[in-house]
Amino acid sequence: MIGKLASIGRLHIVAIAVAGTFTFGWLFTGRYLWAIAALAGFDWFLVNLLNRVVDTPRIRPTASRAPTSSSATAARFFSPG
């Protein structure tokens, strides 16, 4: 369950956003802005979650699609021999 949440929410990106907000908040104000960092993390979590939800229907049909003529041409062009 937690692994799926981490994958869907892209928690590594959320952690970077929180760390960046926390660090630059401290550099600019001299105070530890925990609430702003948490808000930024929640915002990034929602953005990543909605991005994943919107992209999922577009990704699925292309995975099972047969190669197009342009990809077959590119394969012949770049193949050795």
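Here the structure is a predicted model, which means the values were calculated and not measured.

The helix and strand inventory of the protein stands at four helices and zero strands. When the helices and strands of the protein are read in sequence order from the N terminus, they spell out α-α-α-α. A total of 81 residues make up the protein; the buried ones form 14% of that total. Long-range pairs, those at least 24 residues apart, make up 58% of the contacts in the protein between residues at least 6 apart in sequence. Entry remark: accessible area of the protein is about 6600 Å², with carbon and sulfur atoms responsible for 73%.

On average, residues of the protein score 79 in pLDDT, and 68% of them reach the 70 mark or higher. Mean pLDDT values for the elements of the protein range from 57 in helix H4 (residues 69-78) up to 94 in helix H2 (residues 11-29).

Thresholds applied
Residues numbered from 1 in each chain as written. Predicted model: local features only at pLDDT ≥ 70, side-chain atom pairs only at ≥ 80, totals over all residues. Heavy atoms only, no water. Helix = DSSP H or I, 4+ residues; strand = E, 2+ residues; numbered from the N terminus. Buried < 20%, exposed > 50% of the residue type's maximum accessible area, 1.4 Å probe, protein only. Contact = heavy atoms within 4.5 Å. Areas by Shrake-Rupley, 256 points an atom, 1.4 Å probe, with all protein chains shown as cover. pLDDT = per-residue confidence, 0-100.

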